[in-house]
Amino acid sequence: MKKTSTFLAVAALLSSTAVVSAETLKWARAGDALTLDPHSQNEGPSHTMRHQMYEPLIIRDTSGAFVPTLATDWAPSADNPNVWVFNLREGVKFHDGADFTAEDVVFSFERAKQPNSDMKELIGSITAVRAVGDHTVEIETDGPNPILPSNLTNLFMMDKGWTEANNTVNVQDFEGGEITYATTNVNGTGAYRLVSREPDVKTVMVRNEEYWGRNDFPMEVSKIVYTPIQNAATRVAALLSGEVNFLQDMPVQDLARVDGTDGLTVKQAPQNRVIFFGMNQGADDLEADNVDGKNPLADVRVRKAMSMAINRDAIRQVVMRGQSQPAGMIAPPFVNGWTAAMDGESSTDLEGAKALMAEAGYGEGFSIRLDCPNDRYINDEPICQAAVGMLGQIGITVNLDAIPKAQHFPKITDSKTDFYMLGWGVPTYDSEYIFNFLVHGRESDIGTWNGTGFNNADVNAKIKSLASNTDLDARNADIAAIWRVVQDEQLYVPIHHQVLNWGMSDSVGIEVDPEDQPRVKYFTMK
Amino acid sequence: MTDQPISAQQEQQSATPSRLRRALDSDFYYAFRRSPVAMVSAAVSLLLILSAIFAPLIATTNPFDPTSLNLMNGFTPPMAPNAFTGETFLMGTDDQGRDVFSTILYGMRISLFVGFAAVLFAVVLGIFLGLLAGYFGGWIDSFIMRTADVQLTFPSILVAMLIFGIAKGITPIEHRDQMAIWVLILAIGLSDWVQFARVVRGATLVEKNKDYVSAARLIGRRPSTIMLRHILPNILSPVLVIATISLALAIIAEATLSFLGVGAPPTQPSLGTLIRIGQGYLFSGEWWILFFPACTLLALALSVNMLGDWLRDVLNPRLK
């Protein structure tokens, strides 16, 4: 009700307020960054927030091509096939005025390799990072690594001096609930500086006038006000009323309404993100089920039956209103290793699913808890609710526990869930990234998001070898072979690839990024 | 044992019921039949309560059975065939393909059950603590009433949310769905006992100095007997009035908690849960998911509240 009155009041004033606040990007989405610590939580919205203030050596543009950022150029070393040489941009300063040098890069890589870091899987092949002079670094890997630059697009550079002075060298223990200086303070090289932050309430950033690329990028936004709004209707109301002028996580039911409103636009693109369910097949007995002494999910027939019970087309038509593409594998179509054939391998077959359940000895069904986030993916909770009904049709009674992502994700990384929803985007555009996090057996520095308990020595060895395989054909053959295992094992139940919708006021100019990573320095404002 | 206490007791017993009966027999019915508001409220309340009780007979589907749902039925407008399945629903369907009419009937059961049980819990607790405080006085009185004062400084919905949060934290997740209803009752009941305790304490203070209580004490009756057998029947009518009004408030409190997403589980929607689901689809024009549950909640809470108001006027004009 309050929103309605605000809407009416602001609608009357819309033209005048739009002029006054033209340079402020009032930005909202469903959830907040989990933390500002650059090396904790490899998670989309957290990276999005960091990308405004911190920078990696390289970023990607909306087509997926590399864009030099803190590195100006990079190439494999002529002397040693295991070494990449990165030349750093000169004259770059951190927000506190300190110079950005090779020493900071060495420090940031070391920090990102710490046990608490969530970025360590991406740089697991790196054995040493050396500063050669002030503006050159050599990165040595345990074998030739042709795709190393792909892994660095979310690896943010911190200032060694600032980090040490503020006693925040160690990456926070996120699962343990630790808060450190770096979780709430920022000293990056990025185009925007942090002004204030109240987690889950509001984060304010202002333009960094000293930014190295001040004249190379539009940078027309002078101030960013970022507000997480979990409730979908409130979020849309905020956009309609002009309270915000840029909206991620557009509710699919309101696309037509927003697009049809004068002064507002919806921009759309397929997203590099797949949504799926994980099942704990590794445990002897599950915490979250009603079967004693054995684990129903350990039986591949049960996992296949669960996949066959999911009616992906109904989810697309009704829950997603057409804004998704049903998936048969957990790789988005952007990714090297994706094939149309594997992505078409999921089908709905209730009778077949029931037969498989009976064959596996669970003809009477069983009950299990499904852990689901409610502020992360598009319609995450309604999808889980729909799955409850669909799995119920084959006798599986599902108790749904839908909670905010800040509590949901630690359950997966801490093995506290047996059946969960997860979404995965692939910033490297290569299957190795998926394998490293989701398929390799869980160890301290690899497989950290693999909550399935799957741990196959052959597959693990194949995944490890991908990093240093320079023969691209052989490498792609290995990737295909690993996918075959993942598919045959039904390691995950894929649901769909998301379609991305950004809602914005006509005054805001930006193209949709398939990784859902808006970078405000590219925004234009009318 | 002599004759005197027995006769005193008899006198006491015969005095109370006759007063109640007199109210029921004459004034009460007279007032009821003279008040259109009371009659309409009673009829609406009765209709809603009966349809909730007989929901399985009236409802066309069982919305709490996830296996009976067909997602393709989702977002069907009222009285119009679904584009995919061709099925038609009186009040349309929600985002999961649940028939809104059936869901309202089943959801109302949760709302009413939670409302009644929570009020009963609050009444029992409030009477118990209020009698103790009023009868014994001293530090017991101070302790109970100061606790009540402290609780009164917090809005009751906040207290309920706090209790709900703690209870949710300590119940194992596997049992959370089954426990959610009981936790709701506990949370709303605990947030609501204060007003009963205060009224009962006040009335007890007045009653305990009356001759019949002194007499009972004189002959050596135990304090528990005096409180329950002698004082309590004399102070019940204000309690009944507050309880009726509290029922409407408890139904609303349950809806509020469920609307905020901390009440009934999403797979067993109560009226509040339905309204929460529905408000997400207001901008896109699927008004029926919110509209019908909201109207039902309004009718239910309003009729019970009006009935309570009328009861208050009739039974206890001093409370006005």
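About the cut-offs
Residues numbered from 1 in each chain as written. Chains lettered and ligands numbered in written order. Predicted model: local features only at pLDDT ≥ 70, side-chain atom pairs only at ≥ 80, totals over all residues. Helix = DSSP H or I, 4+ residues; strand = E, 2+ residues; numbered from the N terminus. Buried ≥ 20, exposed ≤ 12 C-beta atoms within 10 Å, placed from the backbone. Contact = placed C-beta atoms within 7 Å. Rg over C-alpha atoms; globule rule 2.2 N^0.38 Å. Nonpolar A, V, L, I, M, F, W, Y, C, P; charged D, E, K, R; others polar. Pairing = 2+ DSSP bridges. Expected span 1.5 Å × (residues − 1). Arc of directions from axis to C-beta. Axes fitted to C-alpha atoms, helices over the stretch in contact; angles between N-to-C directions. Left-handed = near helix turned anticlockwise from the far one by under 90°. Core = buried A, V, L, I, M, F, W, Y, C linked by C-beta atoms within 7 Å. pLDDT = per-residue confidence, 0-100.

**Description of the overall build of chain B**
Check the secondary structure of chain B and you find 12 helices and zero strands. Going residue by residue from the N terminus, the α and β elements of chain B occur as α-α-α-α-α-α-α-α-α-α-α-α. By residue count, 44% of the 320 residues in chain B fall in the buried class. Contacts in chain B between residues at least 24 apart in sequence constitute 69% of all its contacts with a sequence separation of at least 6.

**Some remarks on the overall build of chain A**
A count of helical and extended segments in chain A gives 16 helices and 19 strands. For 526 residues, the compact-globule formula gives about 24 Å, and the C-alpha radius of gyration of chain A, at 23 Å, lands near that figure. Each principal axis of the C-alpha atoms in chain A carries an extent, and together these give about 65 × 65 × 40 Å. In chain A, buried positions account for 54% of the 526 residues.

**A short note on the interface of chain A and chain B**
Between chain A and chain B, the contact holds 25 residues from the first and 20 residues from the second. Looking at the side of chain A that touches chain B, the elements with two or more residues in it are α6 (232-241), α9 (312-319), α12 (380-392) and β15 (396-403) of chain A. Top element by residues in the side of chain A that touches chain B is α12(A). It accounts for six residues. Classifying every residue of the side of chain A that touches chain B gives 13 nonpolar, eight polar and four charged.

**Observations regarding the pairing of strand β7 (residues 136-141) of chain A**
Residues and elements named next belong to chain A. Residues Val 137, Ile 139 and Thr 141 line the buried face of β7, whereas the alternating positions Thr 136, Glu 138 and Glu 140 sit on a face that is not buried. Pairing of strand β5 (residues 83-88) with β7, which is carried by five bridges, proceeds in the antiparallel orientation. Note on β7: the bridge partner recorded for Val 83 is Glu 140. Here strand β6 (residues 126-131) hands over to β7 after four residues, with Gly 133 in that stretch at a positive phi of 75°.

**Focus on helix α2 (residues 36-53) of chain B**
Residues and elements named next belong to chain B. In this model α2 runs 25 Å from its N-terminal to its C-terminal C-alpha over 18 residues, within 8% of the 26 Å that 1.5 Å per residue would give. Every buried residue belonging to α2 is among Ser 41, Ser 45, Leu 48 and Ala 52, and all of these are buried. The buried residues of α2 all sit within an arc of 70° when viewed along its axis, so they share a single face. Across α2 from its buried face, at more than 90 degrees, point the exposed residues Pro 36, Ala 43, Leu 46 and Leu 50. The elements touched by buried residues of α2 are α3 (55-58), α4 (100-136) and α12 (288-315).

**Observations regarding the packing of helix α15 (residues 457-466) of chain A against helix α16 (residues 472-489) of chain A**
Residues and elements named next belong to chain A. At a minimum axis distance of 10 Å, the contact between α15 and α16 shows a crossing angle of 150°. For the pair α15 and α16, the sense of crossing is left-handed. Each of Val 459, Lys 462, Ile 463, Ser 465 and Leu 466 in α15 lies in contact with α16, whose residues at this interface are Arg 475, Asp 478, Ile 479, Ala 481, Ile 482 and Val 485. The class makeup of the residues in the contact of α15 with α16 is seven nonpolar, one polar and three charged.

**Some remarks on the sheet that holds β7(A)**
All names here are of chain A. Within the open sheet, the four strands sit side by side as β4-β5-β7-β6. Their pairing is antiparallel. The outermost strands of the open sheet, each flanked by one partner alone, are β4 (71-76) and β6. For this sheet the average axis-to-axis angle between neighbouring strands, irrespective of direction, equals 20°. In the packing of helix α3 (residues 102-112) onto the sheet, the strands contacted are β5, β6 and β7, and the crossing angle to β6 comes to about 160°.

**Looking at the packing of helix α8 (residues 193-207) of chain B against helix α10 (residues 223-259) of chain B**
Residue and element names in this part refer to chain B. At a minimum axis distance of 9 Å, the contact between α8 and α10 shows a crossing angle of 145°. Of the two possible hands of crossing, α8 and α10 adopt the one that is right-handed. Contacts from Gln 195, Phe 196, Val 199, Val 200, Ala 203, Thr 204 and Glu 207 in α8 reach Ile 231, Asn 234, Ile 235, Pro 238, Val 239 and Ile 242 in α10. Per-class residue counts for the contact of α8 with α10 are nine nonpolar, three polar and one charged.

**Focus: the nonpolar core**
A:Ala387, A:Ile434 and A:Val439 are the most contacted members of the largest nonpolar core, which totals 153 residues. Each residue touching A:Ile434, except ones within four places of it in the same chain, is listed here: A:Ile330, A:Ala331, A:Trp424, A:Val426 and A:Val439. Core analysis: the second largest hydrophobic core is formed by 81 residues, B:Ala160, B:Val199, B:Trp288 and B:Ala301 among them.

**Things to note about the pairing of strand β16 (residues 419-425) of chain A**
Within a regular strand, side chains alternate between the sheet's two faces. Taken across its seven residues, β16(A) has seven buried, putting it largely inside the fold. Burial along β16(A) is two-sided: the face carrying A:Phe419, A:Met421, A:Gly423 and A:Gly425 and the face carrying A:Tyr420, A:Leu422 and A:Trp424 are both buried.

**Describing the environment of A:His51**
Mapped onto the secondary structure, A:His51 falls in helix α2 (residues 44-53). For A:His51, the contacting residues outside a window of four places in its chain are A:Gln517 and A:Arg519.

**A word on the environment of A:Gly423**
Residues and elements named next belong to chain A. Counting through the fold element by element, Gly 423 comes out in strand β16. On the basis of neighbour counts, which here come to 21 C-beta atoms within 10 Å, the residue Gly 423 falls in the buried class. Considering only alpha carbons, one finds Gly 423 and Arg 273, 150 residues apart in sequence, at a separation of 6.5 Å. Sequence-distant contacts of Gly 423, defined by excluding residues within four places in its chain, comprise Arg 273, Val 274, Ile 275, Arg 376 and Tyr 377.

**Overview of the confidence of the model for chain B**
Residue and element names in this part refer to chain B. Looking at chain B, the pLDDT average stands at 85 and 89% of residues meet or exceed 70. The model gives residues 1-9 a pLDDT under 50, and that stretch makes three contacts with residues more than four places away or in other chains. For this predicted complex, the interface confidence reaches an ipTM of 0.76, while the overall pTM sits at 0.83.

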